[in-house]
Amino acid sequence: PVAQDHILGLGQLLKYYERFPGIIKTTMKLMADCTINFDDNSNKNKKNYTGSAGDDIMLLEKLALEGLEYRYGKNNKEAHARVAHELEIINRLGYCCYFLTTWNIVNYGINKGYYHVGRGSGANSIVAYCLRITDVCPIELGLYFERFINPKRTSPPDFDIDFSWKDRDDILRYIFNRFGREHTALLGTIVTFKGKSIVRELGKVYGLPKRIIDDLIENPNGEFAHDPIAKNIFYYGKQLANFPNMRSIHAGGVLISEKPLTTYTAMDMPPKGFPTTQIDMFTAQELGFAKLDILSQRGIGHINDAAKMILDNHGVDLDIHDVDRYKNDPKVQQQLNSGKTLGCFYVESPAMRGLLKKLDCNTYLDLVAASSIIRPGVAKSGMMHKYIERYNSAEPLEYLHPIMKEQLEDTFGVMVYQEDMIKICHYFAGLEPADADVLRRSLSGKSRSKKELQRVAAMYFDNCKALGYADELTNEVWRQIASFSGYSFSKAHSASYGVESFQSLYLKAHYPLEFMVSVINNFGGFYDTWVYIHEAAKCGGKIQMPDVNKSEHLTMLEKKDIYLGFVHLLNLDSRVSKLIVAAREMDGKYRSLQDFVKRVPAGINQLLLLIRADAFRFTGKHKKELMLDAHVLLGVTEKLLGRRLLFEESRAVFESPRLRSFKYEDVYDEIELLGFPVSMQAHDLLKTNFRGNVQSDDMVDSIGKRVKMVGNLVTIKYVTTVRKDLMNFTTFLDSKGEFFDCIHFPRQLKEYPFKGKGMYLLEGLITEDFGFPSLEVSKMVRLPLVRDPRYRD
C-alpha cells in the first residue's frame, strides 16, 4: 500500500498555493521570525543572588569566613588557605549564586528548627562545610574539592540536602516563593519497569487481589510462585524490564533558572501543585543546569524529633551539628562496636550490624569505610570480604601492584570509594582524572553515552598494554573497577552518612527512650514497628496500650512509660483518633465511658475497638463489662449517635453479669488490634516450653556445633545465587530478646520453606565469619501457639 500522508517539496507546495500569494507571504514572514537555538553550553541557573556578581562573591566570602571561625577557630591556616582556593574556583566558574542559594535554603531550615544533612560530593567542599550546608570536614578525610567542582568536568555540580519527611514540603514551598514560580520547578523523570513494580503492574493486569500480589513480591518462592499465572507474570516481567512505565517526578531535583523555565521545557502540574519539568536530569545537565536535590528522609525526622523531646523532657538543648563531640564519645563507640545500632540511620540492618562486628568498628573513619563497602557492587565483586580480611590481618599485606599500595594503603589495597577508582584509573592505567571521572559516571549510570564508556574503556586497556602489564593483572583491576563502581559511594557521601549515623548513635546512647519513641513515630525504618517497640522496652521503657486519657495520635513518652499512639490501632479511624485528643484538650480528661460517648462521636464499632484495646482501663471496669455498657449506651445501633443517649449519665447504673476472662485473651486482642503482643512476649505464647539449647549470647562459644534454636522471625532477605536459585538470610529474636542471624541455602529452603511470620524451631550448624556467628539452617518448622480460648479449634 502507498502511504497517503507525506511532506511535499517546497516547489510543489508553492504551486498548490500560487493563487494565494498573501498566504505565501505571511508564511515566509513567520518562518523568518522563527529561530531555534540549541544553546547547551551556557549556565542556565540563576546568575546573581544579590543582583551583581561582585556583591555575590563578597557575600559568599563573608559567610565562609564567619563559618570558618565556627568550624575551626581563628587560626587554622590550612582551612583558611583551602577556603581561599575554593572561593577562587567557585567565582571563576560562576557558581557563587548556586552556593548562596543553597545556603539561603539551609539557613531557612535552621531558623525554622529543621534538621538537615548535606551529603553527596558537595561534602568535598570546605566552603559548604563553613556555610553549614554539610557537616563533613573535608580536611579530616582528605577530600578534594575538584571531585565536586572540576574545571575540566562538563557536567555541573549538585548539592544533595536531606530534610525530614515532615519538613520537606515546607522547604519546597519556601523555595518556590523565594525564587519565583516562573523560575523554579521540580525535575521530571521517566519511570521504567523495574523490580517490584513489574510484578505489581502485571498482577493488576491479571486481576490478582492485592494480598496475592504482595505475597509474590515479598515471597517470590512462596505458595503462589508456581501458579501458571505467576509464571506468566515473571516471564513477561523480564520482557518489560527497563521499558518506560510513566512520567513522574525526580526524587528531589529542583531547578532555579535565570530565565523563565518555560524557555527550555514544557511543564506539568502534579497534585501537590509544584510545577514540574518534562525534561529529566540528564537533559537538564546537558542544557547547563546545576540542580539542587531537596530530599526527604525519615532518619532525619527521628533525630529532629528526639532533639525536641530531649529539650522538653530534660531541658538539654543539643547542638546536633556538633559532630566532633559525638565522634569521640565512649558510649557511642561502645554501642557501635557491639552492633547495638537498632534504629540508627544506615547502621541498623542485619548486614550492617554484622559488618560492624566483623570490623570491630568503633571510630568514625571505620564507619565511613563500612558505609561504602556494604554497597551491593562492593560485596558482589568480592571486595567487601577482601577488605574485612585485610582489615583483620596481622600479616603483611600483598598488593596486586605497587601502585595499589601507594594509592590505597589506607584501605588495605581495596577500592572502597569512587575516588579510589579514579585514583587507580589515573595512576595505574594512565588515564587523565577527567577521563577517569567520565568512566565512573558511565559505570554508575549517571551518563547515558555508551560511546564515552567505550572510548575510555579502550583507553584503559590500550594504556595498560603500553605500560607492559600482564593481561591477567589488567583484567582483574578492570573487573574490580567495573563491578565496584556502579554501586559505590563517593567518600564524601559515605562521610555524610557516617555523620548522621553518629548523631543517631549519640542520641540512642544517652537518651534511649526519647530516641526510640522518635524512631517509632517516624515509621519507615528497616524493621517493622513492633521491632522498635521491642527495642524501646529493652532500653527500659514500659510499653503501655493506648489510653484515651493519656495517649496521642502518635506514641508519647511520660517518664519511662511509653503510651502507644492511636495510630497503631488497626482499623481505628484517624478522624476518631484526633477527635479523642481534641476533646480531651478542650474539656479535660474523660470521667467515664458515658462521658466519652457524649463528647466523641466514635460509633459502636470504633468504641468497641477502643474498649478491646483497654483504652478505658482508667474506669476500673473489665473490658467485657464496658462492652455491655457500650451497647446499652448506644442502643446497640449507631443511629442514636449524635442525638441523645438512651440513658442520661446520672441515671445510667448497669448491673453487669459476672463474665469469665481467660489468661491469653488480652494478648490475642493486642495481636489482632496492633499486629503484635504487648503484655506478653511472643515466646510465652508457644505451646512448648522449649526455648532452644542455645541462645544468641551462646553462639560464639558454640562455633562448629549442631544446635536447636527458637526464634521469632524479624526479617528475611532474598538472594539469588549464581545458579539462579533462591536463598535467604534471616534475623530472629530469641527468648531473651536478642537478635541472631541465619543462612538458608537453596536445597534446605526448598525442603523447609517459610510459612509466614511467627515462631520457628531451627536446627543447624553454627558457623562464624570474622568472629560474627550465624546459624546455617538444615531444618526448620513453624511452632504452634496456644489457641485463643474464645474460639474453638
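Each remark here, short or long, concerns the structure printed above.
Residues numbered from 1 in each chain as written. Predicted model: local features only at pLDDT ≥ 70, side-chain atom pairs only at ≥ 80, totals over all residues. Heavy atoms only, no water.

1. Overview of the overall build of the chain
- Scanning the chain for helices and strands turns up 33 helices and 15 strands.
- The long-range fraction of contacts in the chain, counting pairs at least 24 apart against all pairs at least 6 apart in sequence, stands at 67%.
- For the chain, the computed accessible surface area is about 39600 Å², with 52% contributed by carbon and sulfur atoms. (Helix = DSSP H or I, 4+ residues; strand = E, 2+ residues; numbered from the N terminus. Contact = heavy atoms within 4.5 Å. Areas by Shrake-Rupley, 256 points an atom, 1.4 Å probe, with all protein chains shown as cover.)

2. A short note on the side chain of Asn124
- As for its position among the elements, Asn124 is in the loop between strand S1 (116-119) and helix H6 (126-130).
- Excluding anything up to four places from it in sequence, Asn124 contacts Arg82, Glu86, Pro138, Leu143, Tyr144, Phe145, Arg147, Phe148, Glu419 and Ala492.

3. Comments concerning the sheet that holds strand S9 (residues 556-558)
- Pairing within the open sheet is mixed, and its 3 strands lie in the order S8-S10-S9. Each edge of the open sheet carries a strand with a single partner, namely strand S8 (542-544) and S9. On average, adjacent strands in this sheet sit at an angle of 25 degrees to one another, irrespective of strand direction. (Pairing = 2+ DSSP bridges. Axes fitted to C-alpha atoms, helices over the stretch in contact; angles between N-to-C directions.)

4. Concerning the packing of aromatic side chains
- Inspection of every chain in the model, using the stated rule, returns 33 aromatic pairs.
- Residues Tyr590 and Phe596 carry aromatic rings whose centres are separated by 5.0 Å and whose planes lie at 70 degrees to one another, so their mutual orientation is edge-to-face. Comparing Tyr590 with Phe596, the two get one shared label, buried.
- The lysine or arginine in question, Arg298, covers the ring of Trp165, its NZ or CZ lying 3.9 Å from the ring centre. (Phe/Tyr/Trp six-rings, centres within 6.5 Å; stacked < 30°, edge-to-face > 60°. Buried < 20%, exposed > 50% of the residue type's maximum accessible area, 1.4 Å probe, protein only. Lys NZ or Arg CZ within 6 Å of the ring centre and 35° of its normal.)

5. Concerning a nonpolar patch on the surface
- Nonpolar side chains collect at one region of the surface, where Leu13, Tyr16, Tyr17, Phe20 and Ile23 lie side by side and expose about 500 Å² of accessible area between them.
- Along the chain, Ile23 falls in helix H2 (residues 21-33).
- A residue is classified by how much of its surface remains accessible, and Ile23, at 44% relative accessible area, is partly exposed. (Patch = residues over 30% accessible without salt bridge, like charges linked within 9 Å, V, L, I, M, F, W, Y side chains within 5 Å. Salt bridge = Lys/Arg side-chain N within 4 Å of Asp/Glu carboxyl O.)

6. Details of helix H11 (residues 228-240)
- For H11, with 13 residues, the first-to-last C-alpha span of 18 Å sits near the 18 Å given by 1.5 Å per residue.
- If you check which residues of H11 are buried, you get Ala230, Ile233 and Gly237. An end-on view of H11 places all buried positions within 50 degrees of arc, on one side of the element. Opposite the buried face of H11, by more than 90 degrees, sit the exposed residues Pro228, Lys231 and Lys238.
- In this structure, the buried residues of H11 make contact with helix H9 (195-205) and helix H10 (210-218).
- Capping of H11 at its N-terminal end is provided by Asp227; its side-chain oxygen lies 2.8 Å from the backbone amide nitrogen of Ile229.
- Downstream of H11 by one or two residues, Asn242 has phi in the positive range, about 75 degrees. (Expected span 1.5 Å × (residues − 1). Arc of directions from axis to C-beta. Polar contact = N/O pair within 3.5 Å; in protein donor to acceptor, adjacent residues only side chain to side chain.)

7. So, empty space enclosed by the protein
- As enumerated under the stated definition, the model contains 1 cavity of 30 Å³ or more in all.
- Estimates place the volume of the largest cavity at around 80 Å³.
- If you go around the largest cavity, the residues you meet are Asn45, Lys46, Cys97, Tyr98, Thr101, Val254, Leu255, Ile256, Ala290, Lys291 and Leu292.
- Elements with a minimum of two residues in the lining of the largest cavity: helix H5 (96-111) and strand S4 (244-256).
- Among the residues making up the lining of the largest cavity, the classes are represented as 7 nonpolar, 2 polar and 2 charged. (1 Å grid on protein atoms, 1.4 Å probe; cavity = no way out; pocket = protein on both sides within 12 Å on 5 of 7 lines; lining within 4 Å. Points joined across faces, edges and corners; volume = space filled by probe spheres on them. Nonpolar A, V, L, I, M, F, W, Y, C, P; charged D, E, K, R; others polar.)

8. Describing the packing of H9 against H11
- Look at H9 against H11: their axes get within 9 Å of each other, and the N-to-C directions meet at 120 degrees. Overall, the two elements H9 and H11 adopt an arrangement that is oblique. For the crossing formed where H9 meets H11, the hand is right-handed. Within the contact between the two elements, H9 uses Ile198, Val199, Leu202 and Gly203 and H11 uses Ile233, Phe234, Tyr236, Gly237 and Leu240.
- When its residues are assigned to classes, the contact of H9 with H11 shows 7 nonpolar, 2 polar and no charged. (Parallel < 35°, antiparallel > 145°, perpendicular 65-115°, else oblique. Left-handed = near helix turned anticlockwise from the far one by under 90°.)

9. A look at unusual backbone geometry
- Positive phi, normally seen in glycine, also occurs at Asp614, with a value near 65 degrees.
- Assignment of secondary structure puts Asp614 in the loop between helix H30 (604-612) and helix H31 (623-633).
- The phi dihedral of Lys724 falls on the positive side, at around 70 degrees, and the residue is not glycine.
- Inspection of the secondary structure puts Lys724 in the loop between strand S11 (706-720) and strand S12 (726-733).

10. With respect to the pattern of salt bridges
- One pass over the structure, following the stated rule, counts 37 salt bridges.
- Ionic pairing is found between Lys29 and Asp33, a salt bridge with its closest N-O pair at 3.4 Å. Of this pair, Lys29 and Asp33 are both found in helix H2, 4 residues apart, which corresponds to roughly one turn of the helix. Of the two residues, Lys29 and Asp33, neither departs from the other in class, the shared state being exposed.
- For Arg599, the salt bridge is made with Asp595, and the minimal N-O distance between the two is 2.8 Å. Placement of the pair is Arg599 and Asp595 together in helix H29 (residues 593-599), with a separation of 4 residues, close to one helical turn.

11. Let's talk about the environment of Phe662
- Position of Phe662 relative to the elements: it lies in the loop between H31 and helix H32 (665-674).
- According to the relative accessible area criterion, Phe662 is partly exposed, its value standing at 26%.
- Separated by 568 residues in sequence, Phe662 and Gly94 place their C-alpha atoms 74 Å apart.

12. Examining the sheet that holds strand S15 (residues 772-782)
- Judged by pairing direction, the barrel is mixed, and its 5 strands sit side by side in the order S11-S12-S13-S15-S14 before closing back on the first. Sheet twist, expressed as the mean angle between neighbouring strand axes with direction ignored, is 50 degrees.
- Inspection of the sheet shows strand S14 (residues 759-769) paired to S15 by 10 bridges, in the antiparallel sense. Directly across from Tyr760, in S15, lies its bridge partner Arg782.
- Seen against the sheet, helix H27 (residues 529-538) touches S11, S12 and strand S13 (739-744) and runs at an angle of roughly 135 degrees to S11.

13. Some words on the nonpolar core
- If you look at the biggest cluster of nonpolar residues, it comprises 98 residues, and the most contacted ones within it are Leu569, Ile580, Leu593, Phe596, Leu607, Leu610 and Phe616.
- Sort the elements by how many residues they give to this core and helix H25 (residues 491-510) lands first, with 8 residues.
- Counting residues in each nonpolar core, the second largest holds 50 residues, with Tyr49, Leu63, Tyr95 and Ala290 among its members. (Core = buried A, V, L, I, M, F, W, Y, C linked by side-chain atoms within 4.5 Å.)

14. Points about the side chain of Arg584
- For Arg584, the location among the structural elements is in helix H28 (residues 574-587).
- Overall, the relative accessible area of 10% leaves Arg584 in the buried class.
- Within the structure, Arg584 has its side chain in polar contact with the backbone oxygen of Val548 (distance 2.7 Å).
- Ignoring anything within four residues of it in the chain, the contact list for Arg584 reads Asp547, Val548, Asn549, Lys550, Ser551, Glu552, Lys589, Tyr590 and Arg599.

15. Section: helix H16 (residues 350-358)
- Counting buried residues along H16, 7 of its 9 residues qualify, which places the element largely inside the surrounding structure.
- Buried residues of H16: Pro350, Met352, Arg353, Gly354, Leu355, Leu356 and Lys358, and no others.
- Taken from the residues just after H16, Asp360 is the one with a positive phi, measuring 50 degrees.

Remember, this is a structural readout, not a statement about activity or role.
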